[in-house]
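Here is how the chains run, residue by residue.
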Amino acid sequence: MEPRPRTLEGEMSARTYQIRTFGCQMNVHDSERLAGQLEDAGYVPGDGETTPDLIVFNTCAVRENADNKLYGTLGHLRPQKTAKPDMQIAVGGCLAQKDRGEIVKRAPWVDVVFGTHNIGALPTLLERARHNAEAEVEILEALETFPSTLPARRESAYACWVSISVGCNNTCTFCIVPALRGKERDRRPGEILAEVEALVAEGVLEVTLLGQNVNSYGVEFGDRLAFGKLLRACGGVEGLERVRFTSPHPAAFTEDVIDAMAETPNVCHQLHMPLQSGSDRVLREMKRSYRSARYLKILDRVREAMPDAAITTDIIVGFPGETEEDFQATLDVVAQARFSSAFTFQYSIRPGTPAAEMAGQLPKEVVQERYERLVKLQNDISWEENKKVVGRRVELLVASGEGRKDTETHRMSGRARDGRLVHFAPTGPLVDRAVRPGDVVETVVTYGAPHHLVADGDLLSHRRTKAGDNSEAGLRPKTNGVTLGLPGFGAPAVAPEPVSGCAL
């Protein structure tokens, strides 16, 4: 651990940090790794009230406005940097990988720029920039250290991400991610299970297995059934109550994964699987190696095995050359699929992708009108599907920060096993002292809205948990890097000793 700077009074004072994360779950998990490294280097989280000594931006490059958002925010920080010259600003993630040295040209008050392949270098780059009094830009072209080897300060005491792979071998024409994160690299099963066990030892009840195409896991070591095996192996981790995963690719979705989901009790009956378009012609232009009939067949098989499964998706509206007929095909698939919810996006040009050079870029007003029609259709379906849940008994893992109106409604919020958000009344004779984030409750749904459920009756059960204890105490798990390199499935021979930590 590096020496902490001294205050004017001669007392030791730790440098404070703040991480601002943009984009997907990958970035959120990378930010947990960044926080773990910084705390190992002697930094402490800022209090949110005063200007921190370090601000780290973990950026995304998927959306069109990502550049404007970053550079606009950096511009707003310039007066703070002028007022506090010792404050450091670091920019990492996909946009940093893409723009490289352009960032310090446009915002010369930035101290460090690092890419997606070298997040482990941040503490060293910060110290070097401080010592040399000049910006440090380090962008690697390939993964140097798998992120799982780095310590992580988790955001949640009860639900955590576990990365099983990084990178992507697909060539979707709208996506810049493969160019910025590289080819798929898979962790060995023993490493994954060791990290899961370390989290469970810290009180974590739920893990989400994370990969760019999570169900293609195993391609690097030649086992196409590896993902289904991994789900079953997670079922053997004592104390792990919920397992989720995101996001699978329809082209790689296999029967053994459906069977593993249905037959492993702690694997949640929830599936988020991107559709992107319901038009087979557009799917070909996107280089998505499946067609709408194949996609719908997977959904049928999932629901046959798990009738209670909730299925969500991603859809892009306005891909270059999309006709009204193509868009109607998307509406038709959405109507058949009956998604519980969908993340819908208006296509935006990303420089460096093949789609950016395609003919037939659609006018904004056409894309907007189609987008509004899709959103209305999906909202109607979501509401109809949520109404079907009214009267059903649900088990909730109580969450923190999910309900924006919880304070004024005197409700709390939690996630059902199928992933639906439920706002509930934490009341009744069965409540044990107080309900806390990380506890587990059961209740009955009384109302279904398009984007959430409500349960206003007394709780049917309330189980206090170690995760709830940690949430109440302000503790978040911290895990060390895991590098066992085991080639097979099963309990790891040696698991790292988990280390508790406090967010304060």
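The residue numbering used here restarts from 1 in each chain and proceeds along that chain's sequence as written. Two thresholds apply to this predicted model, a pLDDT of at least 70 for residue-level local features and 80 or more for giving and counting side-chain atom pairs, whereas whole-chain, interface and lining totals are computed over all residues. Side-chain metrics rest on all non-hydrogen atoms present in the structure, leaving aside hydrogens and water.

1. Topic: the pattern of salt bridges
Thinking step 1. Each reported salt bridge corresponds to a side-chain nitrogen of Lys or Arg within 4 Å of a carboxyl oxygen of Asp or Glu. In total, this model carries 43 salt bridges according to the counting rule given.
Thinking step 2. A salt bridge links E206 to R244; the nearest nitrogen and oxygen atoms lie 3.3 Å apart. Of the two residues, E206 is situated in strand β11 (residues 206-210) and R244 in strand β12 (residues 242-246); the sequence distance between them amounts to 38 residues.
Thinking step 3. We classify E206 as buried; its relative accessible area is 10%.
Thinking step 4. Linking R463 and E241 is a salt bridge whose minimum nitrogen-to-oxygen distance equals 2.9 Å. On the criterion of sequence distance, the pair formed by R463 in strand β22 (residues 461-463) and E241 in the loop between α8 (226-234) and β12 is long-range, its members being 222 residues apart.
Thinking step 5. Only protein chains enter the calculation, and the probe is 1.4 Å; a residue is then buried if its accessible area is under 20% of its type maximum, exposed if over 50%, and partly exposed in between. You can call E241 partly exposed: its relative accessible area is 23%.
Thinking step 6. Members of the salt-bridge network, linked through shared partners, are E32, R33, R154, R187, E191 and E195. The secondary structure listing takes helices from DSSP runs of H or I that are at least 4 residues long and strands from runs of E that are at least 2 residues long, numbered from the N terminus.

2. Some words on empty space enclosed by the protein
Thinking step 1. Every definition here rests on a 1 Å grid over the protein atoms only: cavities are sets of points where a 1.4 Å probe fits but cannot get out, pockets are open sets enclosed by protein on both sides within 12 Å along at least five of seven lines, and lining residues have some atom within 4 Å of a point. Grid points are joined across faces, edges and corners, and a volume is the space filled by probe spheres set on the points. The tally for this structure, following the rule as stated, stands at 3 cavities of 30 Å³ or more.
Thinking step 2. In this structure, the largest cavity spans a volume of roughly 50 Å³.
Thinking step 3. Considering only enclosed or pocket space, the second largest cavity measures out at about 40 Å³ in volume.
Thinking step 4. Contributing to the lining of the second largest cavity are M26, H29, D30, P147, S163, V166, R181 and L210.
Thinking step 5. Per-element tally for the lining of the second largest cavity: the top contributor is helix α1 (residues 25-40), with 3 residues.

3. Section: the packing of aromatic side chains
Thinking step 1. Classification of ring pairs uses Phe, Tyr and Trp, with its six-membered ring standing for Trp, and accepts pairs whose centres are within 6.5 Å; under 30 degrees between planes counts as stacked, over 60 as edge-to-face, and the remaining range as tilted. According to the stated counting rule, one finds 6 aromatic pairs in the structure shown.
Thinking step 2. Ring plane angle 80° and centroid distance 5.5 Å describe the contact between Y217 and F221, whose orientation is recorded as edge-to-face.
Thinking step 3. Where Y290 meets Y295, the ring centres are 6.3 Å apart and the plane angle is 35°; that geometry is what we call tilted.
Thinking step 4. For Y290, a relative accessible area of 3% gives the class buried.
Thinking step 5. Ring pairing ties together the aromatic residues Y290, Y295 and F339, which thus form one cluster.
Thinking step 6. Taking the ring centre of Y71 as reference, the NZ or CZ of R106 above it sits at 3.7 Å.
Thinking step 7. Either the NZ atom of lysine or the CZ atom of arginine qualifies as a charge over a ring when it sits within 6 Å of the ring centre and within 35 degrees of the ring normal. Taking NZ or CZ as reference, K387 lies 4.4 Å from the ring centre of W383, over its face.

Read these as layout, nothing more, since geometry by itself doesn't imply function.
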